Amino acid sequence: AQKITQTQPGMFVQEKEAVTLDCTYDTSDQSYGLFWYKQPSSGEMIFLIYQGSYDEQNATEGRYSLNFQKARKSANLVISASQLGDSAMYFCAMSIWRGGYNKLIFGAGTRLAVHP
Amino acid sequence: DVKVTQSSRYLVKRTGEKVFLECVQDMDHENMFWYRQDPGLGLRLIYFSYDVKMKEKGDIPEGYSVSREKKERFSLILESASTNQTSMYLCASSFNPGSGNTIYFGEGSWLTVV
């Protein structure tokens, strides 16, 4: 069965430090995508970063990088130089192709608090 | 800029009422989705649609139905609202095909059933 596990319900980090948010996934599909979304208190889901299962290089987008370890089935998000505005819920998600649509499976989320 | 718009941000409804949640996207996406978000459970897929008038059940369809009469609009319907449907509802859309296409979300609709 397809599943996303985020084991950290909450994380704290000091401003300007780096933080890693954990994500492990389970699927028997060979082709899949891994996403991270940020959800501020306003409720919108903001796309941060994407990693394809066949991509050999780790994805990076500005201060965000995805540490993809395929053999361990992990896709951790690294935020460098944390900012106060990074305080939010973060969701890891996996996209699998189901013959007509992308099924997106989410983890339970990690709440990140950035302290000054 | 891509846009997924949910018509109602905050609703309070009574038990037994029929509730409509509307979602419109302006990106000509084929796929549209309705998710429900609850603390500790992440987002769970209620229904999705991959074409006009086409719909498929997600993981938790019980108590919900959907309508997609036009490509840009996807409606979630609670035929008879119950208190356990108090939640945050998120609409999303994406292109076909492939697992790498980004899914774009609306801002969410907070529904309280009393």
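I will try to describe carefully the structure that is included in this document.

## Looking at the overall build of chain B
- The secondary structure content of chain B amounts to zero helices and 11 strands.
- Walking chain B from its N terminus toward its C terminus, one meets helices and strands in the order β-β-β-β-β-β-β-β-β-β-β.
- The C-alpha radius of gyration computed for chain B amounts to 13 Å, which stays within 12% of the reference 13 Å derived for 114 residues, consistent with globular compactness.
- Projected onto its principal axes, the C-alpha coordinates of chain B cover approximately 40 × 30 × 25 Å.
- Taking all 114 residues of chain B together, 48% fall into the buried category.

## Overview of the overall build of chain A
- From N to C terminus, chain A includes zero helices and 12 strands.
- N-terminal to C-terminal, the α/β element order of chain A is β-β-β-β-β-β-β-β-β-β-β-β.
- Taken over C-alpha atoms, the radius of gyration comes to 14 Å for chain A, in line with the 13 Å a tight globule of 116 residues would show.
- Summarising its shape, the C-alpha atoms of chain A cover approximately 45 × 30 × 20 Å along the three principal directions.
- The buried share of chain A, reckoned over its 116 residues, is 50%.
- Across chain A, every contact between residues at least 6 apart in sequence was considered, and the portion connecting residues at least 24 apart equals 54%.
- Accessible surface computed for chain A: about 5,500 Å², of which carbon and sulfur atoms make up 48%.
- Here chain A contributes 10 positively and 10 negatively charged side chains, and the mean placements of these two sets differ by 6 Å.

## Re the packing of aromatic side chains
- All chains considered together, the criterion is met by 14 aromatic pairs over all chains.
- Centre to centre, the rings of Phe35 of chain A and Phe47 of chain A are 6.1 Å apart; their planes meet at 65°, and the pair counts as edge-to-face. Highlighted residues: Phe35 of chain A in strand 5 (residues 32-39) and Phe47 of chain A in strand 6 (residues 46-52), separated in sequence by 12 residues.
- On the basis of relative accessibility, which here comes to 30%, the residue Phe47 of chain A falls in the partly exposed class.
- Centre to centre, the rings of Phe106 of chain A and Phe105 of chain B are 5.9 Å apart; their planes meet at 75°, and the pair counts as edge-to-face. Of this pair, Phe106 of chain A sits in strand 11 (residues 102-106) while Phe105 of chain B sits in strand 10 (residues 104-105), placing the two residues on different chains.
- Given a relative accessible area of 9%, Phe105 of chain B falls into the buried group.
- Three or more aromatic residues link up through ring pairs in this structure, and these residues are Phe35, Tyr37, Phe47, Tyr50, Phe91 and Phe106 of chain A together with Phe33, Tyr35, Phe48 and Phe105 of chain B.

## A closer look at the pairing of strand 12 (residues 110-115) of chain A
Residue and element names in this part refer to chain A.
- Here strand 12 shows a buried face lined by Thr110, Leu112 and Val114 and an unburied face lined by Arg111, Ala113 and His115.
- For strand 2 (residues 10-14) and strand 12, the ladder comprises five bridges, and the chain directions are parallel. Its bridge partner lying in strand 12, Gln14 is registered against His115.
- The pairing of strand 10 (residues 88-97) with strand 12 spans three bridges and is classified as antiparallel.

## Brief notes about the side chain of Gln37 of chain B
- Tracing the chain through its elements places Gln37 of chain B in strand 4 (residues 31-38).
- Ignoring sequence-local partners within four residues, the contact set of Gln37 of chain B consists of Gln39 and Phe91 of chain A together with Gly42, Leu43, Ser87, Met88 and Leu90 of chain B.

## A short note on the environment of Ser82 of chain A
All names here are of chain A.
- Counting through the fold element by element, Ser82 comes out in the loop between strand 9 (74-79) and strand 10.
- Judged by relative accessible area, Ser82 falls into the buried class, the value being 2%.
- In this structure, the C-alpha to C-alpha distance between Ser82 and Gly33, residues 49 residues apart in sequence, is 25 Å.
- In this structure Ser82 touches Val13, Gln14, Glu15, Lys16, Glu17, Val19, Arg63 and Val114, once residues within four positions along its chain are discounted.
- A polar contact of 2.7 Å, which involves the side chain of Ser82, links it to the backbone oxygen of Glu17.

## Regarding the interface of chain A and chain B
- Taken together, the 24 residues of chain A in the interface contact 27 residues of chain B.
- Taken together, both faces of the contact between chain A and chain B bury some 1,900 Å²; the carbon and sulfur share is 56%.
- Taken together, the links from chain A to chain B amount to zero salt bridges.
- Across the contact surface, chain A and chain B share four residue pairs in polar contact (both at pLDDT 80 or more).

## Description of the sheet that holds strand 3 (residues 19-25) of chain B
Residues and elements named next belong to chain B.
- Across the sheet, four strands lie side by side as 1-3-8-7; this open sheet has antiparallel pairing. If you trace the sheet from one side to the other, it starts and ends with strand 1 (4-6) and strand 7 (65-70), each paired once. Strand-to-strand twist in this sheet, taken as the mean axis angle between neighbours without regard to direction, amounts to 20°.

Parameters and conventions
Residues numbered from 1 in each chain as written. Chains lettered and ligands numbered in written order. Predicted model: local features only at pLDDT ≥ 70, side-chain atom pairs only at ≥ 80, totals over all residues. Heavy atoms only, no water. Helix = DSSP H or I, 4+ residues; strand = E, 2+ residues; numbered from the N terminus. Rg over C-alpha atoms; globule rule 2.2 N^0.38 Å. Buried < 20%, exposed > 50% of the residue type's maximum accessible area, 1.4 Å probe, protein only. Contact = heavy atoms within 4.5 Å. Areas by Shrake-Rupley, 256 points an atom, 1.4 Å probe, with all protein chains shown as cover. Lys, Arg positive; Asp, Glu negative; His and termini not counted. Charge placed at Lys NZ, Arg CZ, Asp CG, Glu CD. Phe/Tyr/Trp six-rings, centres within 6.5 Å; stacked < 30°, edge-to-face > 60°. Pairing = 2+ DSSP bridges. Polar contact = N/O pair within 3.5 Å; in protein donor to acceptor, adjacent residues only side chain to side chain. Buried area = accessible area lost by both parts, 1.4 Å probe. Salt bridge = Lys/Arg side-chain N within 4 Å of Asp/Glu carboxyl O. Axes fitted to C-alpha atoms, helices over the stretch in contact; angles between N-to-C directions.

What is shown is where atoms sit, not what they do.
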